[in-house]
Amino acid sequence: MERITTTIPQAEVDRQLQYCREIARMNADRGEAPLAFVDTYGCQQNEADSERIRGYLRQMGYDFTTDEEQARIIVLNTCAIREHAEQRVLGNLGALVHVKRRNPEQIICLCGCMAQEAHVAEKVRQSFRHVDLVFGPHVLWKFPEYIHTLLTQRGRIFSNADDPGSIAEGIPVVRQDKVKAWVSIMYGCNNFCSYCIVPYVRGRERSRRPEDILAEVRQLAEEGYHDITLLGQNVNSYGKDLEEPMDFADLLEQVNAIPGDFLVRFMTSHPKDATHKLFETMARCEKVAPVLHLPFQAGNDRVLKVMNRRHTRAQYLEKIRDLKSLIPDIVLTSDIIVGFPGETTEEFEDTLKVLEEVRFDALFTFIYSPRVGTPAAKMDDPMPREEKLANFNRLVALQDAISEEKHAAYIGKTVRCLLDGVSDDPRYDLTARTPGNRLVRVTGDREALGQFRDVKITGANKWSLFGELA
Ligand code: SAH
Ligand code: SF4
Ligand code: F3S
């Protein structure tokens, strides 16, 4: 598996920026700025990729819209993690046939993880003939060239060949938020959990050079960003593929040393690679938010083994104990899959026991969804859907009770929070995040938006906290 990551030569990225300038000139000749719609499905990596697609589009002279009828370019940046995610995309993509009939010049693009799947690309080729461009995450950096070809020659482009992946630096970004920012530190995954499509569509693990990451964080801090999330499928294996290997804890330490008023978070961590050194670094670094998302997927050792998670329940619990001893008020979240092929209800109950022992602040819970090409999709899956649903509901009920209790413990406390948005609930003015990333609905002056401020917590339920600006 050992390999040194390939970096796309800067001249190649510059060539893409040259295409952007040419397209911008073509657009300028037409008068007012044309519009583009980038619709994102999936995880934060996809959000970060969409920021790069928007970055390129802006260089090409496009402004943005969320109205399909107005858009000259529509980009669906998709997720393949579960069946449901794919169905939503295919439904929306199908509906665009009518939009394009009214706007024949429109360019429709499908990218992201679904686009990388051969069977999806084939389906689009055959049955979604209104789609002009299909490209996987590996060739996102070539987006301007594809658009240039479509604008000058029409035709259809399919670009989703299997690829271990590379790294391209210097792609412009248009960020969606003014206070919170994503920074990809690595791409791909080497873990091949038996249920998961990600390693097949995102390629092998490859790390950005620390100097590129640190320069990006430094710039964000200077621009006044207050909340920076380092992204990777498994940030704990950061750096193994670098010419001069370094580990994630060292990177975190260096990010922490960057001057500025910001908190650092990271997603996601794999338990097998989460080390004591990482926990110590988190405890010591004042900018590192006291929160860890550490997916454990299932509480039963046999199931964990078939999932190819390469850790046991005891090892997981030991890591949590270690972390809690260093950071007693750590906020913990996790991902869980219910109904993995062959998991019995008795085995599922081991998952409930982990919940009771760890007492997570919140969970992301999923019912297993078979993915074409993964080992688990070929396993016997005898449990009826109703039984899986019943187990799922037990899990959610238990977690709801725990979340509610944990949230209630905040009442009466004053917490320094980042005011990150305007509340959609009219009884509150703003939304905020605690350092541990719990949502708070806040009353008070909207001028505080974008700032860290003390918030007095006055109420709570299972989903969120309520409070007032102190
Ligand atoms: N890299 C991250 C997770 C990425 S996917 C990690 O390893 O933690 C986010 C979550 O989706 C996973 O943690 C898992 O709980 C869930 N998931 C992945 N594949 C799934 C599948 N086939 N069915 C149901 N849930 C799945
Ligand atoms: Fe998927 Fe496992 Fe990789 Fe996470 S670590 S992306 S669950 S294969
Ligand atoms: Fe989905 Fe791809 Fe992320 S499959 S969860 S968008 S890495």
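Everything quoted here is computed from the prediction, not taken from an experiment.

(A) Geometry of the overall build of the chain. Per the secondary structure count, the chain includes 14 helices and 19 strands. Relative to its 470 residues, the chain shows a buried fraction of 56%. The contacts in the chain between residues at least 6 apart in sequence include a share of 75% that link residues at least 24 apart. For the chain, the accessible surface area stands at approximately 20500 Å², while carbon and sulfur atoms represent 50% of it. When the 61 positive and 70 negative side-chain charges of the chain are each reduced to one mean point, those points stand 2 Å apart.

(B) The arrangement of the nonpolar core in detail. Within the largest apolar cluster, 54 residues are counted, with the highest numbers of intra-cluster contacts made by L230, F248, F266 and M282. In terms of nonpolar packing, the next biggest core, distinct from the first, is built from 28 residues, F135, F143, Y146 and I157 among them.

(C) Fine view of empty space enclosed by the protein. Per the stated rule, a full pass over the model turns up 4 cavities of 30 Å³ or more. For the largest cavity, the calculated volume is near 60 Å³. Lining the largest cavity are A48, E51, R52, V173, R175, W182, V183, S184, R208 and E216. Taken together, the elements giving at least two residues each to the lining of the largest cavity come down to α2 (44-59) and β7 (180-184).

(D) Quick peek at the site of ligand 1. Residues in close proximity to ligand 1 total 15 residues, the closest being Q233, T268, Q297, D335 and S369. Here an oxygen atom of ligand 1 sits 3.1 Å away from a polar atom, N or O, in the side chain of R82. Note that a nitrogen atom of ligand 1 is positioned 2.8 Å from one of the backbone N or O atoms of S369. Coverage of ligand 1 by the protein amounts to 89% of the 540 Å² it exposes when considered alone.

(E) Structural context of helix α9 (residues 248-256). Among all positions of α9, only F248, A249, L251, L252, V255 and N256 are buried. The buried residues of α9 occupy an angular sector of 160° when the element is viewed end-on, so they sit on one face. Buried-residue contacts for α9 involve α8 (210-222), β10 (227-231), β11 (263-267) and α10 (276-284). At the N-terminal boundary of α9, the capping side chain belongs to D247, with an oxygen 3.3 Å from the backbone nitrogen of A249.

(F) Structural detail: the pairing of strand β4 (residues 107-112). With 6 of 6 residues buried, β4 lies mostly within the body of the structure. Of the strand pairs in this sheet, strand β3 (residues 73-78) and β4 are connected by 6 bridges, and their pairing is parallel. Of the residues in β4, the one forming a bridge with I73 is I107. Remark: the β3/helix α3 (residues 83-102)/β4 crossover connection has right-handed handedness. Bridge count between β4 and strand β5 (residues 133-135): 3 bridges; the pairing is parallel. Within β5, the residue paired with C111 across the bridge is F135.

(G) Representation of the sheet that holds strand β1 (residues 35-40) in the model. If you trace the 6 strands from one edge of the open sheet to the other, you get β2-β1-β3-β4-β5-β6, paired in parallel fashion. Edge positions in the sheet fall to β2 (63-64) and β6 (157-159), since each has one partner strand and no second. Each of β1, β2, β3 and β4 is contacted by α2, which is oriented at about 170° to β1, the strand it contacts most. Packed onto the sheet, helix α6 (residues 143-153) meets β3, β4, β5 and β6 and runs at close to 160° relative to β5.

(H) Structural detail: the layout of surface pockets. Its volume calculated, the second largest pocket comes out at about 590 Å³. Taken together, 26 residues line the second largest pocket, and the ones lying closest to its centre are R52, A168, I171, V173 and Y187. Elements with a contribution of two residues or more to the lining of the second largest pocket: α2 and α8. Broken down by element, the lining of the second largest pocket gets its largest block of residues, 5 residues, from α8. Taken together, the residues that form the lining of the second largest pocket break down as 12 nonpolar, 4 polar and 10 charged.

(I) Structural view of the state of the cysteines. Taken as a whole, this structure holds 0 disulfides when the rule is applied. Between C109, a free cysteine, and C111, which holds the nearest cysteine sulfur, the sulfur-to-sulfur gap is 7.3 Å. Assessed through its relative accessible area of 0%, C109 is described here as buried.

(J) Looking closely at the packing of aromatic side chains. Summed over all chains, the structure comprises 9 aromatic pairs. Centre to centre, the rings of F135 and Y146 are 6.0 Å apart; their planes meet at 40°, and the pair counts as tilted. Here F135, found in strand β5, pairs with Y146, found in helix α6; they are 11 residues apart in sequence, far enough to count as distant. Here F135 matches Y146 in class, with each residue buried. Ring plane angle 70° and centroid distance 5.7 Å describe the contact between F340 and Y368, whose orientation is recorded as edge-to-face. Residue F340 is found in the loop between β13 (331-338) and α13 (345-358), and its partner Y368 is found in the loop between β14 (362-367) and α14 (385-408); the two are separated by 28 residues along the sequence. In this structure F340 comes out as buried when scored by relative accessible area, which is 1%. Look at Y368 and you get buried, because its relative accessible area is 7%. Linked through ring pairs, F135, F143 and Y146 together constitute an aromatic cluster.

(K) Representation of the site of ligand 2 in the model. As a matter of local geometry, ligand 2 sits amid C189, N191, F192, C193, Y195, C196, V198, P199, Q233, H270 and R309. Among the residues forming the shell around ligand 2, the class breakdown is 7 nonpolar, 3 polar and 1 charged.

(L) Structural view of the sheet that holds β7. Pairing in this open sheet of 3 strands is parallel, and the strands run β7-β10-β11 from one edge to the other. Each end of this open sheet is capped by a strand with a single partner; those strands are β7 and β11. Looking at each pair of strands side by side, their axes are set apart by 25° on average, direction ignored. The pairing of β7 with β10 spans 5 bridges and is classified as parallel. By the bridge assignment for β10, K180 is matched with D227. Sheet strands in contact with α9 are β10 and β11, and its direction is about 155° off that of β11.

Analysis parameters
Residues numbered from 1 in each chain as written. Chains lettered and ligands numbered in written order. Predicted model: local features only at pLDDT ≥ 70, side-chain atom pairs only at ≥ 80, totals over all residues. Heavy atoms only, no water. Helix = DSSP H or I, 4+ residues; strand = E, 2+ residues; numbered from the N terminus. Buried < 20%, exposed > 50% of the residue type's maximum accessible area, 1.4 Å probe, protein only. Contact = heavy atoms within 4.5 Å. Areas by Shrake-Rupley, 256 points an atom, 1.4 Å probe, with all protein chains shown as cover. Lys, Arg positive; Asp, Glu negative; His and termini not counted. Charge placed at Lys NZ, Arg CZ, Asp CG, Glu CD. Core = buried A, V, L, I, M, F, W, Y, C linked by side-chain atoms within 4.5 Å. 1 Å grid on protein atoms, 1.4 Å probe; cavity = no way out; pocket = protein on both sides within 12 Å on 5 of 7 lines; lining within 4 Å. Points joined across faces, edges and corners; volume = space filled by probe spheres on them. Near = heavy atom within 4 Å. Polar contact = N/O pair within 3.5 Å; in protein donor to acceptor, adjacent residues only side chain to side chain. Arc of directions from axis to C-beta. Pairing = 2+ DSSP bridges. Right-handed = clockwise from strand over helix to strand, strands pointing away. Axes fitted to C-alpha atoms, helices over the stretch in contact; angles between N-to-C directions. Nonpolar A, V, L, I, M, F, W, Y, C, P; charged D, E, K, R; others polar. Disulfide = S-S within 2.5 Å. Phe/Tyr/Trp six-rings, centres within 6.5 Å; stacked < 30°, edge-to-face > 60°.

Keep in mind these numbers describe shape, not what the thing actually does.
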